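Here is how the chains run, residue by residue.
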Amino acid sequence: MLLAGRFLSNWPYLPSREVGVAELPKKRGVRAKTDPGKGTVFVIPLPDGGGTVGQVVEVYKGTTLYVTVLAIRWGAGERMPEVMSALGQADSVLYGNTFDAKIMNGDWPVLGVGLVDHSKHPLPNYRVDMGGHTLVETFDASRRRPLQDWEFEKVPLRRTLSPMRFQDITAAVWGLEPWDSAYNDMRPTHVRIASSVVV
């Protein structure tokens, strides 16, 4: 367990005491009343029986969740720490785009909604290919320009991972699966570099 905090006491389907991942209620087969939006905080189960915490930093075009995995983790047999009041102090260990399927079906149980500080969670610029040209564009795709050769390694390709693949990469961050260097651009240091490129 790395960090502790406090649960949102009024969140409708969380018990007030600390619990393990297996004890969190699941809502399989029942669609949530609202889609997860900016600030949604949720549990990502890990293959050792423990878990870690994710938060939606931003939503892109209504369907893609830009998520951070926070440095809050507990192992098998350990209780999940208090989470919500730790959000402001927790560092990030991973960023990436994914979809909401595992949140909506209860595989990633929702804990509540917290504020998102973009000074702490920057939005990266992305590399995209259009009409035979490679461009760099802002996270929201509102601005773009030709990519300079020297920027190629600084700006990642825009990609959206399946929730299962995102969960596997999250496990790898914690040393529970082999790390693939193809995902180095999801680490916080690389995201900060990508966000600093002027578009």
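Residues numbered from 1 in each chain as written. Predicted model: local features only at pLDDT ≥ 70, side-chain atom pairs only at ≥ 80, totals over all residues. Heavy atoms only, no water.

Draft legend 1. Representation of unusual backbone geometry. For lysine 61, which is not a glycine, the phi torsion comes out positive at approximately 50°. Note that lysine 61 resides in the loop between strand S2 (51-60) and strand S3 (64-74). Phi is positive for alanine 141, close to 60°, though the residue is something other than glycine. (Helix = DSSP H or I, 4+ residues; strand = E, 2+ residues; numbered from the N terminus.)

Draft legend 2. Region of interest: the packing of aromatic side chains. Scanning all chains against the criterion turns up 6 aromatic pairs. Judged by centre distance (5.8 Å) and plane angle (15°), the ring pair of tyrosine 66 and tyrosine 95 falls under stacked. With tyrosine 66 in strand S3 and tyrosine 95 in strand S4 (residues 92-98), this residue pair connects regions lying 29 residues apart in the sequence. Considered together, tyrosine 66 and tyrosine 95 belong to a single accessibility category, that of buried residues. (Phe/Tyr/Trp six-rings, centres within 6.5 Å; stacked < 30°, edge-to-face > 60°. Buried < 20%, exposed > 50% of the residue type's maximum accessible area, 1.4 Å probe, protein only.)

Draft legend 3. Quick look at the nonpolar core. One finds Phe42, Val69, Val93, Leu94, Phe166 and Met186 to be the most contacted residues of the largest nonpolar core, which totals 21 residues. Those elements that provide at least two residues to this core are strand S1 (40-45), S3, S4 and helix H2 (163-173). Among residues more than four places away in sequence, those in contact with valine 69 are Ile44, Thr52, Val53, Gly54, Asp91, Ser92, Val93, Leu94, Phe166, Thr170 and Trp174. Counting 13 residues, the second-largest nonpolar core is a separate cluster that includes Val43, Val53, Met80 and Met84. (Core = buried A, V, L, I, M, F, W, Y, C linked by side-chain atoms within 4.5 Å. Contact = heavy atoms within 4.5 Å.)

Draft legend 4. Seen up close, the sheet that holds S2. The sheet built from 5 strands is open, its strands ordered S4-S3-S2-S1-S5 with antiparallel pairing. Looking at which strands have only one partner, the edges of the open sheet turn out to be S4 and strand S5 (110-113). Strand after strand, the sheet turns through a mean of 30° between neighbouring axes, direction not considered. In the sheet, S2 pairs with S3 via 9 bridges, with the strands oriented antiparallel. Paired with glutamate 58 across the bridge in S3 is tyrosine 66. Of the strands in this sheet, S1, S2, S3 and S4 are in contact with H2, which crosses S4 at around 165°. Along the sheet face, helix H3 (residues 188-196) touches S3 and S4 and points at about 60° away from the line of S4. (Pairing = 2+ DSSP bridges. Axes fitted to C-alpha atoms, helices over the stretch in contact; angles between N-to-C directions.)

Draft legend 5. Main features of the sheet that holds strand S6 (residues 126-130). The 3 strands lie next to each other as S6-S7-S8, forming an open sheet whose pairing is antiparallel. Each edge of the sheet is formed by a strand with only one pairing partner; in this case those strands are S6 and strand S8 (144-146). Taken pair by pair, the neighbouring strands of this sheet meet at an average axis angle of 40°, ignoring direction. As judged from the 5 bridges shared by S6 and strand S7 (residues 133-137), these two strands associate in the antiparallel manner. Its bridge partner being in S7, methionine 130 is matched across the sheet by histidine 133.

Draft legend 6. Looking closely at H2. Along H2, 8 of the 11 residues are buried, which leaves the element largely enclosed by surrounding structure. Those residues of H2 that sit buried are Pro163, Phe166, Gln167, Ile169, Thr170, Ala171, Ala172 and Val173. Along its buried surface, H2 packs onto S1, S2, S3, S4 and helix H1 (101-104). Looking one or two places after H2, you find glycine 175, whose phi comes out positive at around 80°.

Draft legend 7. Looking closely at the confidence of the model for the chain. On average, residues of the chain carry a pLDDT of 85, and 83% of them reach 70 or more. For the chain, S5 is the element with the lowest average pLDDT, namely 92, and S4 is the one with the highest, namely 98. Low pLDDT, under 50, characterises residues 1-19; the stretch is placed with 61 contacts to residues that sit more than four places away or in other chains. pLDDT under 50 marks residues 27-31. Its contacts with residues more than four places away, or in other chains, come to 9 contacts. (pLDDT = per-residue confidence, 0-100.)

Draft legend 8. Inspection of the pattern of salt bridges at higher detail. In this structure the tally under the stated criterion is 7 salt bridges. Notably, a salt bridge pairs glutamate 58 with lysine 38, separated by 3.5 Å at the nearest N-O pair. Of the two residues, glutamate 58 sits in strand S2 while lysine 38 sits in the segment before S1, which places them 20 residues apart along the sequence. On the basis of relative accessibility, which here comes to 41%, the residue lysine 38 falls in the partly exposed class. A salt bridge links lysine 102 to aspartate 107, with the shortest nitrogen-to-oxygen separation between them at 3.4 Å. A single burial state applies to lysine 102 and to aspartate 107, both of which are buried. Here the salt bridges do not stand alone but share partners, grouping Glu137, Arg144 and Arg158 into one network. (Salt bridge = Lys/Arg side-chain N within 4 Å of Asp/Glu carboxyl O.)

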